[in-house]
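Listed below are the residues making up each chain.
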Amino acid sequence: MHSMAPHAEPRTGQTDTEQSMPLAPILDERIAHTLATRPALLFDLLTRYGSPLNIVWPHALKKNVDALQAVLNAHHVRSEIYYAAKVNKSRALVRSAVEAGVGIDVSSVHEFNDAVTAGATSAHICASGPAKTAVFHRALISNGALVSVDSVEELQELETYCANTPGSRVRVLLRYRPQGSATSRFGMPAPGLLDCLHKIAQLPECMLFEGFHFHLSGYGHASRVEALRELVAHIATARRLGLHPRTVDIGGGLPIRYVESTEYANFLASQTKKHYRNASVPGSFYPYGGSIDACGWLQQLLAAECVPGLSVAQYLRSQNLTLAIEPGRSLVDQAAISVFRITRVKRLGIANYVVFVEGSSFSACETWFASEFLVDPILVPQPGGPSPVGGHVQAYIAGHSCLDDDVLTNRIITFPRLPQAGDLLVFANTAGYQMDLLENEFHRHPMPRRIAATYTAAGAIEVSSDDNKE
Ligand SMILES: Cc1ncc(COP(=O)(O)O)c(C=O)c1O
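Residues numbered from 1 in each chain as written. Predicted model: local features only at pLDDT ≥ 70, side-chain atom pairs only at ≥ 80, totals over all residues. Heavy atoms only, no water.

Account for helix 1 (residues 29-37), with residues named and values stated.
What helix 1 keeps buried is the set Ile31, Thr34 and Leu35. End-on, the buried residues of helix 1 take up no more than an arc of 95 degrees, which puts them together on one face. With respect to the buried face of helix 1, the exposed residues turned more than 90 degrees away are Glu29, His33 and Ala36. Turning to helix 1, the residues buried within the fold contact helix 2 (39-49), strand 12 (336-347), strand 14 (378-380), strand 17 (424-427), strand 18 (449-455) and strand 19 (461-465). At the N-terminal end of helix 1, a side-chain oxygen is found 3.0 Å from the backbone nitrogen of Arg30, two or three residues along, and the residue is Asp28. (Buried < 20%, exposed > 50% of the residue type's maximum accessible area, 1.4 Å probe, protein only. Helix = DSSP H or I, 4+ residues; strand = E, 2+ residues; numbered from the N terminus. Arc of directions from axis to C-beta. Contact = heavy atoms within 4.5 Å. Polar contact = N/O pair within 3.5 Å; in protein donor to acceptor, adjacent residues only side chain to side chain.)

Structure representation (structure tokens):
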């Protein structure tokens, strides 16, 4: 099924100087090969599961774990990796993390249940988040999972729980709010941390203190090193109080690269408001083409000076401390693509178009955060569709709802040819918060499907449901 584009002979796009610079996605080799050689498979899957379709590739997660583990091993630090399950609703990815031998960072009782179902043992589950419910606390404590305590109030609640539940003991980390994050609502500044340390020292029968935790916004390693430096004094205080910190958990925030750094820098340097349909350049972006990836980040963190004369790795070793990390996005690098079917291509001006897709921007949701997914979608023409017409054209991409702001891109993208209704747009590398984070059933459209794809030894692709639907 396809319909013709609105004009048989569209005019080509604006002049080159007005076109925005390309942002070609970095794509896993096997996925790229599949897209290039087997487009019919994608069309079949969309026919079967509908649009948009989120295809998860769990094989990628193990590769990412191994790469980070190699950096940690090279620095001889004792380490624990917890996969931050919040990054994607996929259960296949949680299973893949357990199979790769890493723990799971959970932020709700539902994520906790998924982790247990996937086979994670409580010793390898760590719970973060500022507002854990009583049900969540109970599940964590009764199973012996590690709880990162966000506030003096949360510690009080745990104390009450233990007092009312004879024989219970809770394993705790204390979440620190570094000086550089003074306005954050997460974690505790030094005075709260000290109150908690004193309280825990008085309650050895119901609290097992394991160490400190933080998770910071942003993607720089320098802010994490600074937070670690601030924690040095608190680690010493804990020991003076007779406690035995064994872990420092530095959260997530390890960056990934979606596009080549040079291409990204060129894009940023040349973009103007003319490249956006709303004539506005967003104030901030994820570092889509940053200069370092997750392994480089970890390497730089471990090598940075922590205390005079000792790097982070040396300090951790000297204190017999385990470094825990909770990567979300960086463990799902290249672990999903999201595919939208084009419903209509509508001409808006002399040279510009809007491409409507079947699906909404609640799926690829950066525009709802006043930002933009700075990665070009890949246009996959419908096999047997009309012959390509015209040269480069410019278009932004809109979702199918009646909301004016339902746009997958405010950015006006340059396409190599005029997209046609029935063609597909593939958004690469969407597993990290870019799939169905805000998705709902607006207009009563069913939730987009999520399937897991695996390559067999013979190179075939097997797919299975990853959202409890058939
Ligand atoms: C406590 C905590 N840990 C880990 C993560 C994962 O962060 P990222 O996906 O940037 O690695 C988050 C994300 O919000 C978080 O809040």
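Next comes the rest of the description.
I'd love a proper account of the layout of surface pockets, names of residues and values included.
Its boundaries defined by the atoms lining it, the largest pocket holds a volume of some 1100 Å³. Lining the largest pocket are 44 residues, and of these His215, Leu216, Ser217, Tyr219 and Tyr433 lie nearest its centre. The element best represented in the lining of the largest pocket is helix 9 (residues 222-240), accounting for four residues. The class makeup of the residues in the lining of the largest pocket is 17 nonpolar, 18 polar and nine charged. Mapping the lining of the largest pocket onto the domain boundaries places at least three of its residues in each of domain 1 (16-57 + 334-459) and domain 2 (59-256 + 293-331). In this structure, the second largest pocket occupies an estimated 400 Å³ of space. Lining the second largest pocket are 18 residues, with Lys63, Asn64, Asp293, Asp333 and Gln334 positioned closest to its centre. Among the elements that take part in the lining of the second largest pocket, helix 3 (residues 59-74) stands out by supplying five residues, more than any other. Taken domain by domain, the lining of the second largest pocket gets at least three of its residues from each of domain 1 (16-57 + 334-459) and domain 2 (59-256 + 293-331). (1 Å grid on protein atoms, 1.4 Å probe; cavity = no way out; pocket = protein on both sides within 12 Å on 5 of 7 lines; lining within 4 Å. Points joined across faces, edges and corners; volume = space filled by probe spheres on them. Nonpolar A, V, L, I, M, F, W, Y, C, P; charged D, E, K, R; others polar. Domains from an automatic or database assignment.)

Which residues make up the side chain of Glu210, and what values do they have?
Note on placement: Glu210 falls in strand 7 (residues 207-213). The exposure class of Glu210 is buried, given its relative accessible area of 6%. If sequence neighbours within four positions are ignored, Glu210 has contacts with Leu146, Arg171, Val172, Leu173, Pro245, Arg246 and Thr247.

I'd like to hear about the environment of Val281, residue by residue, with values.
By the element assignment, Val281 lies in the loop between helix 10 (261-270) and helix 11 (294-303). Residue class for Val281 comes out partly exposed when judged on its relative accessible area of 32%. Distance in space between the C-alpha atoms of Val281 and Asn410 is 9.2 Å, their sequence separation being 129 residues. With sequence-adjacent residues up to four places away left out, Val281 is seen in contact with Gln271, Thr272, Lys273 and Tyr276.

Lay out the packing of aromatic side chains in plain terms, naming residues and giving numbers.
Considering all chains together, one arrives at 13 aromatic pairs under this definition. Measuring from ring centre to ring centre gives 6.5 Å for Tyr264 and Tyr288, while their planes differ by 65 degrees; the resulting arrangement is edge-to-face. Linking Tyr264 in helix 10 with Tyr288 in the loop between helix 10 and helix 11, this pair joins segments that are 24 residues apart in sequence. Side by side, Tyr264 and Tyr288 carry an identical accessibility label, which is buried. It is Arg277 that lies over the ring of Tyr396; its NZ or CZ is 5.4 Å from the centre. Over the face of the ring belonging to Tyr286 we find Arg329, whose NZ or CZ atom lies 3.8 Å from the ring centre. (Phe/Tyr/Trp six-rings, centres within 6.5 Å; stacked < 30°, edge-to-face > 60°. Lys NZ or Arg CZ within 6 Å of the ring centre and 35° of its normal.)

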